[in-house]
Amino acid sequence: MQEPLLGAEGPDYDTFPEKPPPSPGDRARVGALQNKRVFLATFAAVLGNFSFGYALVYTSPVIPALEHSLDPDLHLTKSQASWFGSVFTLGAAAGGLSAMILNDLLGRKLSIMFSAVPSAAGYALMAGAHGLWMLLLGRTLTGFAGGLTAACIPVYVSEIAPPGVRGALGATPQLMAVFGSLSLYALGLLLPWRWLAVAGEAPVLVMILLLSFMPNSPRFLLSRGRDEEALRALAWLRGTDTDVHWEFEQIQDNVRRQSSRVSWAEARAPHVCRPIAVALLMRLLQQLTGITPILVYLQSIFDSTAVLLPPKDDAAIVGAVRLLSVLIAALTMDLAGRKVLLFVSGYAMGWGPITWLLMSEVLPLRARGVASGLCVLASWLTAFVLTKSFLPVVSAFGLQVPFFFFAAICLVSLVFTGCCVPETKGRSLEQIESFFRTGRRSFLR
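Calculation criteria
- Residues numbered from 1 in each chain as written.
- Predicted model: local features only at pLDDT ≥ 70, side-chain atom pairs only at ≥ 80, totals over all residues.
- Heavy atoms only, no water.
- Buried < 20%, exposed > 50% of the residue type's maximum accessible area, 1.4 Å probe, protein only.
- Helix = DSSP H or I, 4+ residues; strand = E, 2+ residues; numbered from the N terminus.
- Expected span 1.5 Å × (residues − 1).
- Axes fitted to C-alpha atoms, helices over the stretch in contact; angles between N-to-C directions.
- Parallel < 35°, antiparallel > 145°, perpendicular 65-115°, else oblique.
- Left-handed = near helix turned anticlockwise from the far one by under 90°.
- Contact = heavy atoms within 4.5 Å.
- Nonpolar A, V, L, I, M, F, W, Y, C, P; charged D, E, K, R; others polar.
- Phe/Tyr/Trp six-rings, centres within 6.5 Å; stacked < 30°, edge-to-face > 60°.
- Lys NZ or Arg CZ within 6 Å of the ring centre and 35° of its normal.
- Patch = residues over 30% accessible without salt bridge, like charges linked within 9 Å, V, L, I, M, F, W, Y side chains within 5 Å.
- Areas by Shrake-Rupley, 256 points an atom, 1.4 Å probe, with all protein chains shown as cover.
- Salt bridge = Lys/Arg side-chain N within 4 Å of Asp/Glu carboxyl O.
- Core = buried A, V, L, I, M, F, W, Y, C linked by side-chain atoms within 4.5 Å.
- Lys, Arg positive; Asp, Glu negative; His and termini not counted.
- Polar contact = N/O pair within 3.5 Å; in protein donor to acceptor, adjacent residues only side chain to side chain.

Draft legend 1. Region of interest: helix H3 (residues 59-67). Within H3, 8 of the 9 residues are buried, which leaves the element mostly enclosed by the surrounding structure. Here H3 has its buried residues at Thr59, Ser60, Pro61, Val62, Ile63, Pro64, Leu66 and Glu67.

Written out as structure tokens, the structure is:
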């Protein structure tokens, strides 16, 4: 099923030279392995995903606790619980919408750092909540931060990562999000719900501290005419012993060809609209598999089934399995390829981490900031509809109806993968973009 992006020539340049003077993938990979700072920069960024994963499933242990709360101001009805669970996704949609502007205005790194403000405020509101409005506002703010980081972090990571390890590094946002969810489930066995919110502040503060020492994306700096700063950033990421001039020239040439923002008229061109359509449909299908309502109401779902272990323990086990699966995906993505894993694996090994990575890989540079925000916006609006309607549907028809729907979507996703998703393993972002620009239709067959 793999369709390597090789051999196509555009009208003005050779898309993928068979033997480029230096081997950029090999040299970048060696530089990355010799210099651990690219991994440090990735780790600093994906701490935002840890907080996102933690905040997403915060309601799993909290909703059952508040449904049995003796405080009338905090006692949740089923309707209020559905709002408490789903309002996070509305905040995330707003965060994705904001990313359409902030990603290109502030840059990837500063946008990620900015997300710490609503995240910290949201956790503080939930930790000190004395009424439903504080819970909902806190949940919305943490959702806004999550939507912003979901749009910005994959782009930042893909733009600083060498092609040889971009698959592994591109899986780290999902890996950290899953680790954040597992941490919440584990802490939920030990801490009351208010202290769970307090604990959520820690990764936000560490993220701010580490990112303040990390460079901006070289591609973003070049797009702003800050060439010398971009060269220093690339040299810092690749290591002092690595010759980065060939890679820098390739990035610089690509940025110069696309120095202006894409217009609405240009957006209809096949080389722009196709990758955006692929990324957008991947994000929609990922959400339609039902992952968000399942995670948000995981403990409540186990409460309504005949499981042997306590629901809290079952939720923690699910979190551990997800973490292991994403870790396997991160280690095999650059070997097996993206498309293979989408076919043969489940959500945590395939549609979870890979769709975020592919989104950041296939979107054209000129539209990357806006298009990534659009993808996140559509994704979280879909998640809101599913999450808000999940509990009422279960109450009316039982668990089997939504789960049959999710299974049908999984079959549609397989067909979409086979027909529309290209293989991007081992290719630079410039090569991937050149592939779409050539006008070849083979990847759609």
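Having seen the structure, we can now continue with the description.
Draft legend 2. Quick look at helix H2 (residues 37-56). Taking 1.5 Å per residue as the helical rise, H2 with its 20 residues ought to reach 28 Å, and the 29 Å between its terminal C-alpha atoms agrees with that figure. Within H2, 16 of the 20 residues are buried, leaving the element largely enclosed by the surrounding structure.

Draft legend 3. Structural detail: the packing of H2 against helix H9 (residues 172-188). Their axes nearest at 7 Å, the elements H2 and H9 cross at an angle of 45°. One way to sum up the angle between H2 and H9 is to call them oblique. H2 and H9 meet at a crossing whose hand is right-handed. Judged by residue contacts, Thr42, Phe43, Val46, Leu47, Asn49, Phe50, Phe52, Gly53 and Tyr54 of H2 engage Thr172, Pro173, Met176, Ala177, Phe179, Gly180, Ser181, Ser183, Leu184 and Leu187 from H9. Looking at side-chain class alone, the contact of H2 with H9 contains 12 nonpolar, 7 polar and no charged residues.

Draft legend 4. How the structure looks around the packing of aromatic side chains. All chains considered together, the criterion is met by 10 aromatic pairs. Aromatic rings pair up to connect Phe50, Tyr54, Tyr123 and Phe179 into one cluster. The aromatic ring of phenylalanine 84 is capped on one face by arginine 139, whose charged end is 5.9 Å from the ring centroid.

Draft legend 5. Structural context of a nonpolar patch on the surface. A contiguous nonpolar surface patch, about 550 Å² in accessible area, is contributed by Ile101, Leu105, Leu106, Leu110, Phe114 and Val117. Only helix H4 (78-105) and helix H5 (108-114) provide two or more residues apiece to the nonpolar patch. With respect to the helices and strands, the residue isoleucine 101 is situated in helix H4.

Draft legend 6. The arrangement of the packing of H4 against helix H7 (residues 132-160) in detail. At a minimum axis distance of 6 Å, the contact between H4 and H7 shows a crossing angle of 40°. When the axes of H4 and H7 are compared, the pair comes out oblique. Here H4 runs over H7; the crossing is right-handed. Among the residues forming the contact of H4 with H7, the class breakdown is 16 nonpolar, 11 polar and 1 charged.

Draft legend 7. Quick look at the pattern of salt bridges. On inspection of all chains with the given rule, the structure shows 4 salt bridges. The partner of arginine 108 in a salt bridge is glutamate 159, with the nearest N and O atoms 2.9 Å apart. Here arginine 108 is found in helix H5, whereas its partner glutamate 159 is found in helix H7, with 51 residues between them in sequence. Residues arginine 108 and glutamate 159 agree in their burial class; the two are buried.

Draft legend 8. Geometry of the nonpolar core. Judged by nonpolar contacts, the single largest core of 91 residues is most densely connected at Tyr58 and Trp380. Core analysis: the next-biggest nonpolar cluster, separate from the first, contains 15 residues, Leu285, Leu342, Trp351 and Ile354 among them.

Draft legend 9. Examining the environment of glutamine 286 more closely. Among the structural elements, glutamine 286 can be located in helix H16 (residues 270-288). We classify glutamine 286 as buried; its relative accessible area is 1%. Linking glutamine 286 and alanine 383, residues 97 residues apart in sequence, is a C-alpha distance of 9.6 Å.

Draft legend 10. Representation of the side chain of lysine 109 within the structure. Relative to the helices and strands, lysine 109 is located in helix H5. No salt bridge is formed by the buried lysine 109; the nearest opposite charge belongs to glutamate 229, separated by 7.4 Å. A distance of 3.5 Å separates a polar atom in the side chain of lysine 109 from the backbone oxygen of leucine 211. Residue contacts for lysine 109: discarding those within four places in its chain leaves Tyr156, Leu211, Ser212, Met214, Pro215 and Asn216.

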